[in-house]
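# Geometric and topological summary
Single-letter residue listing:
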Amino acid sequence: MSQELESKTRKKRVDKKLNATGWTVIPYSARLDTSRLTAHAVEEFPTDSGPADYALFVNGQLLGFLEAKRVSVGVQNVLEQAKRYSRTTFNAVGSWRGYRTPFLYSSNGELVYFLDVREERNIFRQLAGFHTPDALREMLTRDQNGIAWLQSYSTDEIEKLRPYQKDAIAATEDAISKGKRAMLVAMATGTGKTFKTVAQIYRLLESKSVKRVLFLVDRRALAAQAVRAFSSFTTPGGNKFNQEYELYSQRFKREDFGEDEAFDSTVLPNAYLTNPNETHTFVYVCTIQRMKINLFGQDSQVEAEDVEIESEDDAEKLDIPIHAFDLIVADECHRGYTAKETSAWRETLNYFDAIKIGLTATPAAHSLSLFKEVVYRYTTDQAIMDGWLVDYEPIEIESEVKINGAFLRGGEAVGIIDTETGVETYDELEDEREFASTEIERKITVPDTNRKIIKEVAKFASKHEQETGRFPKILIFAVNDLAHTSHADQIVQICKEEFGQGDDFVQKITGSKSVDRPLQKIREFRNRPNPKVVVTVDMLTTGVDIPSIEFVVFMRPVKSRILWVQMLGRGTRRCDEIHKTHFKIFDCFGGSLIEYFQNTSDFKIEPPRKDPVPLSKVVENIQNNVDRNYNLNLLVKRLQRVEHGMSGEGREQLSAYVPDGDLSRFARELPRHLAQDFTGTMNLLRDLGFQNLLLDYPKPPKTFLIGYGVEDTVTSRVTSRAGQYTQSPVDYLDTFANFVRENADQIEAIQILLARPQAWNTEALNQLRQALARHQFQEPELQKAHEQVHHKLADIISMVKRAIAADIPIYTAEERVNRALEAVMANESFTEEQSKWLGYIRQHLIENLSIEIDDFDNAPIFRNRGGERKASKAFQGRLEQLLEFINSAIAA
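### Details of the overall build of the chain
Within the chain, the regular secondary structure consists of 36 helices and 24 strands. Taken across its 892 residues, the chain has 54% of its residues classed as buried. Of all intrachain contacts in the chain linking residues separated by at least 6 positions in sequence, the fraction that spans at least 24 positions is 70%. When the accessible area of the chain is evaluated, it comes to approximately 40500 Å², of which 46% is carbon and sulfur surface.

Here is the structure:
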């Protein structure tokens with residue numbers, strides 16, 4: 001391929017791509033009447049600076065130049081040649097800073113680069129293919145004054161936009177005005193990303209900056225939710241969104257909705273995708289799975305491990321041009337916990353030539369690689385400080401089994417599940433068996449553990465009901481929902497038995513085929529009294545809006561920062577109807593989840609206290625400049641919590657201290673008040689009447705509910721730890737394994753161990769140790785953990801390889817060296833002198849796991865025996881070759 005001539009590249013590759021997008025390739029001739037060309041690519045078209053490879057004519061107008069190179073040439077910079085032709089053509093269609101032809105391309109038949117020269121701020125971009133002739137005609141006639149419109153019309157014209165949502169819209173529009181075509185908006189879960197985006201899209205449509213919009217989600221539940229958000233949006237003209245612009249969705253299934261639920265959505269005609277028309281102005285809501293099938297076919301769907309993927313069996317492959325959409329909004333674009341999921345997003349987004357906006361609460365490396373940069377950020381902690389989200393209270397539930405694993409004694413009765421049929425038989429163990437904590441709910445389940453954890457949650461639910469007059473909505477995250485060994489099913493059964501409030505009181509909502517109409521159940525959880533308790537695995541981790549959730553229970557381990565924040569986000573939303581003041585996080589792993597993530601997300605979770613700091617003490621700490629910023633943040637959160645739980649009578653009483661009794665606004669503005677009038681503001685905060693009212697304020701009357709008694713026999717306990725948390729050896733090794741897998745492509749030494757053992761040397765070993773140490777993985781600590789978990793002292797190579805694959809054997813350093821030298825001696829005979837040197841090499845390797853030629857003059861074991869000179873003589877000049885073989889065998 002590298003020797004392929006440019007002429008062959010053009011015929012075999014470039015012409016084929018042009019033909020596929022509607023262009024007819026013809027040679028230039030002096031008699032050619034270009035006014036009659038409708039969709040033609042003319043080869044070797046003359047300009048004043050030489051012939052262009054291709055000139056693109058649409059309806060008699062020269063709209064573009066394409067410069068082609070052979071396939072082995074990088075063509076990004078070849079656009080400079082196309083620019084030259086644009087400036088020196090005889091067939092001008094306009095003038096833009098000296099350019100006379102607007103649309104420029106370069107290609108080697110595989111890669112395509114494009115530049116629209118009309119706007120000075122524009123920069124080149126890579127495309128998945130060529131634009132169609134209709135696309136160029138539409139781009140030429142498209143209104144270019146959209147940015148001016150956006151700058152002229154204020155977001156104040158849209159009702160219900162919050163201040164930070166207006167800021168997010170302004171930041172996005174500013175990025176678009178600067179020519180950026182990929183951007184990320186990071187807003188905390190529950191702060192109204194969808195409403196903000198509907199308003200954003202409406203403004204972009206009104207300004208005529210865009211006409212065809214794709215709103216991408218990764219689940220049908222989120223698609224339905226988005227369609228409702230668009231349909232209910234009120235425009236500045238007093239209309240609903242779909243009364244002013246066409247609104248379409250993908251095809252839904254009947255089981256996606258309740259039997260008594262009307263859902264009015266219009267399915268997008270396929271022609272809108274395959275034949276984009278400049279007269280069409282619309283929004284299309286669709287799942288990423290469906291769009292990928294539309295682009296690449298059913299074979300493109302590859303299931304991701306450990307993630308529930310919805311099928312789109314009725315979707316088909318369509319011939320969709322790259323200009324089908326002007327704007328793509330990817331909701332919850334953090335999704336992509338696996339490389340396969342990220343690839344689906346990347347392939348789909350990269351196919352279209354459109355402005356791309358990603359929405360997420362949790363920016364990650366893969367989402368930043370897709371959307372380039374975060375143009376606006378609004379964190380969870382800031383939203384709590386501003387009163388738009390509620391605060392949270394962490395609760396630790398400690399289970400010996402979940403932390404340390406399970407031990408079964410010989411002769412103990414066990415149930416044995418046939419995972420194919422679900423049939424259970426009973427037997428007695430002939431010998432003792434031990435299961436690590438990571439094997440709980442995967443290889444063994446311990447019903448007593450699950451029941452005791454639910455009993456503990458029930459205790460808090462009962463207390464909550466006594467204090468508030470309502471039973472809390474509870475969301476429980478289970479480990480799995482596998483047929484016959486489902487952890488979720490077991491939890492559902494235990495909850496029904498322990499809460500004792502009927503079968504409908506507890507429901508499972510997962511992507512399993514055993515769940516009837518999961519999207520309907522989600523809406524029932526949000527809108528109806530029952531279910532009160534829902535057990536899920538992945539389906540409710542993201543995007544689903546259920547403000548009344550007050551307990552979030554983690555009975556499954558979590559390793560992903562993104563997933564952790566999204567799961568917590570199920571509880572942060574305000575619910576003024578029930579006067580929700582905060583929600584509780586139940587960490588059923590003894591607080592290890594909270595500790596693991598406390599410094600890696602925008603959730604500022606403080607370790608639980610037995611008693612909160614008194615309000616008066618917080619105020620005095622601010623007065624005396626004792627960690628003032630921390631205490632000010634604490635006070636703002638405390639005031640917002642009071643605001644959420646105060647009645648109208650309480651606000652009237654509060655008006656004697658703060659304007660209009662608006663404690664939320666007072667809390668938001670408190671930092672500014674202190675900066676402008678510290679003495680006056682502190683006098684108010686220290687006022688005993690004000691403090692007493694904040695501690696004992698009138699609350700809304702409690703709604704009477706029928707309380708069904710829950711027997712409260714608690715055998716587990718909530719712990720409160722001081723100082724730094726520690727991890728169990730199993731969790732520590734899981735964290736290490738997660739680190740190795742996530743960084744395998746960034747740390748060269750790991751790449752060497754996995755794929756290039758012949759490159760192993762002392763430098764690679766040192767780099768590996770330094771990289772691990774920088775991330776708090778000290779080799780002695782890792783070895784200690786391996787010894788406790790696997791009962792063997794592992795060398796660093798074994799630990800890294802075991803992190804990638806659980807079936808890799810573990811060796812001590814001595815065992816690894818012996819294996820390597822056995823491999824060396826199996827292929828060659830050695831003299832007595834050489835064998836002695838191999839013995840010295842063995843001793844050195846046991847301590848160092850690599851060897852270099854310089855070691856023979858530096859290490860005493862070699863230097864004292866004559867060093868490199870004598871060793872080279874003993875191996876007859878083949879010493880370096882031998883060392884390379886040994887190093888490779890060590891790393892193998």
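Picking up after the structure, the text goes on.
### So, the environment of leucine 685
You can see leucine 685 is positioned in helix α24 (residues 678-685). You can call leucine 685 buried: its relative accessible area is 3%. C-alpha separation for the pair leucine 685 and tyrosine 657, spaced 28 residues apart in sequence, amounts to 9.4 Å.

### Looking at a positive patch on the surface
Together, Lys836, Arg869, Lys870 and Lys873 make up a positively charged patch on the protein surface. Broken down by element, the positive patch gets its largest block of residues, three residues, from helix α35 (residues 867-874). Checked against the element boundaries, lysine 870 lands in helix α35. The class of lysine 870 is partly exposed, set by a relative accessible area of 42%.

### Focus on the sheet that holds strand β24 (residues 582-587)
Taken in spatial order, the six strands of this open sheet run β15-β24-β23-β20-β22-β21, and their pairing is parallel. Each of the sheet's edge strands pairs with one partner strand only, and the pair in question is β15 (391-396) and β21 (506-508). Between one strand axis and the next, the sheet turns by 20° as a mean value, whatever way the strands run. Bridge count for strand β20 (residues 473-477) against strand β23 (residues 549-554) is five bridges, and the pairing is parallel. By the bridge assignment for β23, isoleucine 476 is matched with valine 553. Each of β15, β20, β23 and β24 touches helix α15 (residues 447-468); the most contacted strand, β23, lies at about 165° to it. Lying on the sheet, helix α16 (residues 487-499) is in contact with β20, β21 and β22 (533-536); it crosses β21 at an angle near 175°.

### Considering the pattern of salt bridges
Pairing of side chains with opposite charge becomes possible as their charged atoms draw close. The final tally for this structure, using the stated rule, is 50 salt bridges. In this structure, arginine 528 and glutamate 524 form a salt bridge, with 3.4 Å as the shortest nitrogen-oxygen distance. Exposure remark for glutamate 524: the relative accessible area of 18% places this residue in the buried category. Between arginine 769 and glutamate 779 there is a salt bridge, with its nearest N and O atoms 2.7 Å apart. With a gap of 10 residues between them, arginine 769 in helix α28 (residues 762-774) and glutamate 779 in helix α29 (residues 779-790) connect regions that are remote in the sequence. Several salt bridges share partner residues, and in doing so they unite Glu6, Arg10, Glu44 and Asp53 into one network.

### A short note on the packing of aromatic side chains
Per the stated rule, a full pass over the model turns up 41 aromatic pairs. Pairing tryptophan 837 with phenylalanine 862 gives two aromatic rings, centres 6.4 Å apart and planes at 20°, and the pair type is stacked. Here tryptophan 837 is found in helix α32 (residues 832-848), whereas its partner phenylalanine 862 is found in helix α34 (residues 860-863), with 25 residues between them in sequence. Grouping residues by exposure puts tryptophan 837 and phenylalanine 862 together as buried. By way of ring pairs, the aromatic residues Phe195, Tyr202, Phe215, Phe230, Phe233, Phe241 and Tyr245 are connected into one cluster. Over the ring of tyrosine 54 we find arginine 10, and its NZ or CZ is 4.9 Å from the ring centre. Over the aromatic face of tyrosine 840 sits the side chain of arginine 865, whose NZ or CZ is 4.2 Å from the ring centroid.

### Regarding the environment of lysine 12
Within the element layout of this structure, lysine 12 appears in helix α1 (residues 6-20). For the pair lysine 12 and glycine 109, spaced 97 residues apart in the sequence, the C-alpha separation amounts to 8.0 Å.

### With respect to the sheet that holds strand β7 (residues 125-127)
The sheet built from seven strands is open, its strands ordered β1-β2-β3-β4-β5-β6-β7 with mixed pairing. The two strands at the open ends of the sheet, each matched to only one other strand, are β1 (24-27) and β7. Ignoring strand direction, the axes of neighbouring strands in this sheet form an average angle of 30°. Here five bridges tie strand β4 (residues 61-68) to strand β5 (residues 103-107), and the two strands are oriented parallel to one another. By the bridge assignment, alanine 68 is partnered in β5 with serine 107. Where α1 meets the sheet, it contacts β1, β2 (39-45), β3 (52-58), β4, β5 and β6 (112-116), and its direction lies at approximately 15° from that of β3. In the packing of helix α2 (residues 79-88) onto the sheet, the strands contacted are β3, β4, β5 and β6, and the crossing angle to β5 comes to about 145°.

### Describing the pairing of strand β18 (residues 424-428)
As paired strands, strand β17 (residues 413-417) and β18 are joined by five bridges and run antiparallel to one another. The partner of valine 414 across the bridge, within β18, is aspartate 427. Counting the residues that bridge the hairpin from β17 to β18 gives six residues, and of these glycine 422 lies at a positive phi of roughly 85°.

### Focus on a negative patch on the surface
There is a patch of like negative charges on the surface, built from Asp427, Glu428, Glu430, Asp431, Glu432 and Glu434. Turning to its location among the elements, glutamate 434 is positioned in strand β19 (residues 433-435). The class for glutamate 434 is exposed, based on a relative accessible area of 55%.

### Observations regarding the environment of isoleucine 288
Topologically, isoleucine 288 is positioned in helix α10 (residues 288-296). In sequence terms isoleucine 288 and arginine 219 are 69 residues apart; their C-alpha atoms lie 8.0 Å from each other.

### Considerations on the pairing of β22
Within a regular beta strand, the side chains point alternately toward one face of the sheet and then the other, so they alternate between its two faces. Residue alternation in β22 divides its side chains into two sets, Val533 and Val535 and Val534 and Thr536, and both sets are buried. As judged from the four bridges shared by β20 and β22, these two strands associate in the parallel manner. Each residue of the ladder has a partner; that of isoleucine 474, found in β22, is valine 533. Bridge analysis of β21 against β22 gives three bridges, and the strand direction is parallel. Residue pairing in the sheet places lysine 508 in a bridge with valine 535 of β22. Taken together, β21, helix α17 (residues 518-527) and β22 form a β-α-β motif whose crossover is right-handed.

### A closer look at the nonpolar core
Ile201, Phe241, Ile474, Ile476, Phe499 and Phe554 are the most contacted members of the largest nonpolar core, which has 104 residues in total. By residue number, the principal contributor to this core is helix α7 (residues 220-232), which donates eight residues. Residues Ala744, Leu821, Phe856 and Ala891 belong to the second largest nonpolar core, which totals 56 residues.

### Observations regarding the packing of α32 against helix α36 (residues 879-891)
Remark: α32 packs on α36, axes separated minimally by 13 Å, with the N-to-C direction vectors making an angle of 40°. With respect to α36, the element α32 is oriented oblique. Crossing of α32 against α36: the hand is right-handed. Contact residues: α32 offers Leu838, Ile841 and Leu845, while α36 offers Leu882, Leu883, Ile886 and Ile890. Among the residues forming the contact of α32 with α36, the class breakdown is seven nonpolar, no polar and no charged.

### Observations concerning the confidence of the model for the chain
Averaged over all residues, the pLDDT of the chain equals 84, while 90% of them reach at least 70. Every residue in residues 605-610 scores below 50 in pLDDT, and together they form 18 contacts with partners more than four places removed in sequence or on other chains. Predicted confidence for residues 702-726 stays below pLDDT 50, and this span has 53 contacts to residues more than four positions away or in other chains.

### Regarding α15
Compared with an ideal rise of 1.5 Å per residue, which puts 22 residues at 32 Å, α15 spans 31 Å between its outermost C-alpha atoms and is within 8% of the ideal. For α15, the full list of buried residues reads Thr449, Asn450, Ile453, Ile454, Lys455, Glu456, Val457, Ala458, Phe460, Ala461, His464 and Glu465. Remark: glycine 469 follows α15 within two positions and exhibits a positive phi of approximately 80°.

Parameters and conventions
Residues numbered from 1 in each chain as written. Predicted model: local features only at pLDDT ≥ 70, side-chain atom pairs only at ≥ 80, totals over all residues. Heavy atoms only, no water. Helix = DSSP H or I, 4+ residues; strand = E, 2+ residues; numbered from the N terminus. Buried < 20%, exposed > 50% of the residue type's maximum accessible area, 1.4 Å probe, protein only. Contact = heavy atoms within 4.5 Å. Areas by Shrake-Rupley, 256 points an atom, 1.4 Å probe, with all protein chains shown as cover. Patch = residues over 30% accessible without salt bridge, like charges linked within 9 Å, V, L, I, M, F, W, Y side chains within 5 Å. Salt bridge = Lys/Arg side-chain N within 4 Å of Asp/Glu carboxyl O. Lys, Arg positive; Asp, Glu negative; His and termini not counted. Charge placed at Lys NZ, Arg CZ, Asp CG, Glu CD. Pairing = 2+ DSSP bridges. Axes fitted to C-alpha atoms, helices over the stretch in contact; angles between N-to-C directions. Phe/Tyr/Trp six-rings, centres within 6.5 Å; stacked < 30°, edge-to-face > 60°. Lys NZ or Arg CZ within 6 Å of the ring centre and 35° of its normal. Right-handed = clockwise from strand over helix to strand, strands pointing away. Core = buried A, V, L, I, M, F, W, Y, C linked by side-chain atoms within 4.5 Å. Parallel < 35°, antiparallel > 145°, perpendicular 65-115°, else oblique. Left-handed = near helix turned anticlockwise from the far one by under 90°. Nonpolar A, V, L, I, M, F, W, Y, C, P; charged D, E, K, R; others polar. pLDDT = per-residue confidence, 0-100. Expected span 1.5 Å × (residues − 1).

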